[in-house]
Amino acid sequence: MLPEPLAAARVASTHVAQATYSNRQQALLALINALKAAEPLLLEQNTLDLESSRDLAVSSIILGWLRLTHDRLQRITRWLEQLYQAPDPAVQALPTTGDSLSYTVPLGVMGLIYEGLPTLSLLMAGLALKTGNALVVWGSASSRFTTQAIASVFADALRHPWLPSASLQVLPTDMSPASWLAHPMAVDVAIAHGRSRFIAEHRATACCPFVPLALGNGYLVWDPSIAPDLITDYIQQSHADTPDRPLAIEKIIVLDGVNPAHLTLVINELAQAGYKSAVDDHLQPIYPELPTVDASEWGLPYLDQRLAWHYEESINPAINWINRYGTTASVLACDIYHDCRQFYQEVQTPLVYLNRSPQFTQPNRCVIGAVAERCAYQGLFGLEQCLSRKQVWL
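Just so you know, these numbers come straight off a predicted model, no measurement behind them.

Colleague: Just checking my understanding: could you explain the overall build of the protein chain for this structure?
Modeller: A count of helical and extended segments in the protein chain gives 13 helices and 15 strands. A compact globule built from 394 residues should have a C-alpha radius of gyration of about 21 Å, and the protein chain, at 22 Å, falls within 12% of that. Sorting the 394 residues of the protein chain into buried and exposed places 54% on the buried side. Partitioning the intrachain contacts of the protein chain with sequence separation of at least 6 by distance along the chain shows that 75% fall at a separation of at least 24. Within the structure as shown, the protein chain displays about 17,000 Å² of accessible surface, and the carbon and sulfur contribution to it stands at 52%.

Structure (structure tokens):
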């Protein structure tokens, strides 16, 4: 039997989908205003989470995701305001033929589960209202006080009769996703944010499309044609997206011909900025003072300022290495047109960047992140991914 909050969300999803765009916009504006008014409460409750998490020796990575500041809340507010100003995504023209037409429809009930980033629920709530979906949110125990404060923001936003109060819900912490993700009618898509173990645990129980958001493990290929200062800039810029650095470059493939003095310069400059490097077996004799990368690390994110350096002779084995271990984003730093063309055609990561840092500007793109694997939702996750398409044959 479907738990009551999820049953209510399923009923509410029909009303949200049938609501006028004007009413959904009114609810989105109410969410923005409720967030502004609730900032003192959010910061106060977040402090309780941080204190209790430190007492329980919660990972520093989770603490970094969990911590709220005035600036972070301001960025979320600006993102929601940009979303409010964006055009109705459901009225975009779709291809039609003489005997058929198609149009966009909401997914239904979207589920968000997170290990330690409660503010992600505010972004998802905005996307849900904009696209006509219902949303249920579950957060781990480390963020229970902040999540409860966000629940009050949702309730305040829906206190007017524009949409049902069950359109945006926060599930109790003790209502583990394992107890409802396996139910075929619980949610139509599950978006997940967390470390690898968290993602694997909940993916195993989900019977709906499961969409993990990217966290690190970005790859950069360094061709000898590129100056070392650009490599340093690309890496540091990719780590600038706080709090979770979704597209951070953590693995660097150094192609044959890169000046060893340039490589030493980059490693030393990054070390001065707080990055810790490790190298593969090929580079170990050149840098005996650096640790060797464990083979299990090439396909997993570090989620901190660790970097792994790997050597390849040319672009072809570099592409093969990324296709074996890369997950979300790959970067080629190279001035050779043929190699750039081959790279974006053959590399299999959902996001590919040529001679630039792997970043997305959230306020301008109305996206909340990038999908961490190759699937139907690969690439950036935003408005378009919250809609499906209905086809009508005449």
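Colleague: When you look at the nonpolar core in this model, what are you seeing that I'm missing?
Modeller: As a rule of thumb, soluble globular proteins bury nonpolar side chains together. Leu 31, Leu 80, Met 124, Leu 135, Ile 191, Ile 368 and Phe 381 are the most contacted members of the largest nonpolar core, which totals 56 residues. Those elements giving two or more residues to this core turn out to be α2 (21-37), α4 (60-66), α5 (70-85), β2 (109-114), α6 (120-131), β3 (134-139), α7 (144-157) and β5 (189-193). For this core, the leading source of residues is α6, giving 8 residues. Once residues lying within four places of it in the same chain are set aside, the contact partners of Met 124 are Met 110, Leu 112, Leu 135, Ile 191, Ile 368 and Phe 381.

Colleague: Honestly, the pattern of salt bridges in this entry has me stumped. Any pointers?
Modeller: Pairing is possible between side chains of opposite charge, provided their charged atoms come close. For the structure on display, the rule yields 5 salt bridges. With a shortest N-O distance of 3.0 Å, Lys 36 and Glu 81 are connected by a salt bridge. In this pair, Lys 36 sits in helix α2 while Glu 81 sits in helix α5, placing the two residues 45 residues apart along the sequence. Judged by relative accessible area, Glu 81 falls into the partly exposed class, the value being 31%. A salt bridge links Arg 306 to Asp 304; the shortest N-O distance between them is 3.1 Å.

Colleague: Mind showing me how you'd approach the layout of surface pockets here?
Modeller: The probe, sized like a water molecule, is rolled over the atoms to show the empty space still left. Taken as a whole, the second largest pocket encloses approximately 290 Å³ of empty space. Lining the second largest pocket are 20 residues, and of these Ser 196, Ile 199, Pro 301, Thr 327 and Ala 372 lie nearest its centre. When residues in the lining of the second largest pocket are grouped by element, the largest group, 4 residues, is from helix α8 (residues 196-203). Considering only residue class, the lining of the second largest pocket consists of 10 nonpolar, 7 polar and 3 charged.

Colleague: When you look at unusual backbone geometry in this model, what are you seeing that I'm missing?
Modeller: Peptide bonds are trans in most cases, and residues, glycine excluded, mostly fall at negative phi. A positive phi angle, near 70 degrees, is found at Leu 303, a position not held by glycine. Residue Leu 303 is classed as buried on the basis of its relative accessible area, which comes to 13%. Phi is positive for Asn 355, which is not a glycine, with a value near 55 degrees. Relative to the assigned elements, Asn 355 resides in the loop between β12 (351-354) and α13 (362-365).

Colleague: I keep staring at the sheet that holds strand β7 (residues 218-222) and nothing clicks. Help me out?
Modeller: Strand-to-strand pairing in sheets goes through backbone hydrogen bonds, with the strands running parallel or antiparallel. Ordered by their spatial adjacency, 6 strands build an open sheet running β9-β10-β8-β7-β11-β12, and the pairing between neighbours is parallel. Strands at the two margins of the open sheet, each flanked by one partner only, are β9 (276-279) and β12. This sheet shows a mean twist of 20 degrees between the axes of neighbouring strands, independent of strand direction. The sheet contact formed by strand β11 (residues 329-333) and β12 spans 4 bridges and is parallel. The residue bridging Ala 329 from the neighbouring strand is Leu 351, located in β12.

Colleague: Can you help me understand the sheet that holds strand β4 (residues 168-170) in this one?
Modeller: Spatial ordering of the open sheet is given by β4-β3-β2-β5-β6, a layout of 5 strands whose pairing is parallel. At either margin of the open sheet sits one strand with a lone partner, and together these are β4 and β6 (210-212). The sheet shows a mean angle of 20 degrees between the axes of neighbouring strands, taken without regard to direction. One ladder, built from 5 bridges, connects β2 with β5; its direction is parallel. Bridge pairing in β5 places Leu 112 opposite Ile 191. Strand contacts of helix α1 (residues 4-18): β2, β3 and β4, with the helix running at about 155 degrees to β3, the strand carrying the most contacts. α6 rests against β2, β3, β4 and β5 of the sheet, and its axis sits at about 170 degrees to β2.

Colleague: Explain the packing of aromatic side chains to me, please; I cannot follow it from the model alone.
Modeller: To describe a pair of aromatic rings, you give the distance between the ring centres and the angle between the ring planes. Under the defined criterion, the tally for this structure stands at 3 aromatic pairs. Note on Trp 298 and Trp 321: the rings are 5.4 Å apart at their centroids and 85 degrees apart in plane angle, and the pair reads as edge-to-face. Placement of the pair is Trp 298 in the loop between β9 and β10 (306-312) and Trp 321 in helix α11 (residues 315-325), with a sequence separation of 23 residues. Per residue, the accessibility class of Trp 298 equals that of Trp 321, and both read buried.

Rules and cut-offs
- Residues numbered from 1 in each chain as written.
- Predicted model: local features only at pLDDT ≥ 70, side-chain atom pairs only at ≥ 80, totals over all residues.
- Heavy atoms only, no water.
- Helix = DSSP H or I, 4+ residues; strand = E, 2+ residues; numbered from the N terminus.
- Rg over C-alpha atoms; globule rule 2.2 N^0.38 Å.
- Buried < 20%, exposed > 50% of the residue type's maximum accessible area, 1.4 Å probe, protein only.
- Contact = heavy atoms within 4.5 Å.
- Areas by Shrake-Rupley, 256 points an atom, 1.4 Å probe, with all protein chains shown as cover.
- Core = buried A, V, L, I, M, F, W, Y, C linked by side-chain atoms within 4.5 Å.
- Salt bridge = Lys/Arg side-chain N within 4 Å of Asp/Glu carboxyl O.
- 1 Å grid on protein atoms, 1.4 Å probe; cavity = no way out; pocket = protein on both sides within 12 Å on 5 of 7 lines; lining within 4 Å.
- Points joined across faces, edges and corners; volume = space filled by probe spheres on them.
- Nonpolar A, V, L, I, M, F, W, Y, C, P; charged D, E, K, R; others polar.
- Pairing = 2+ DSSP bridges.
- Axes fitted to C-alpha atoms, helices over the stretch in contact; angles between N-to-C directions.
- Phe/Tyr/Trp six-rings, centres within 6.5 Å; stacked < 30°, edge-to-face > 60°.

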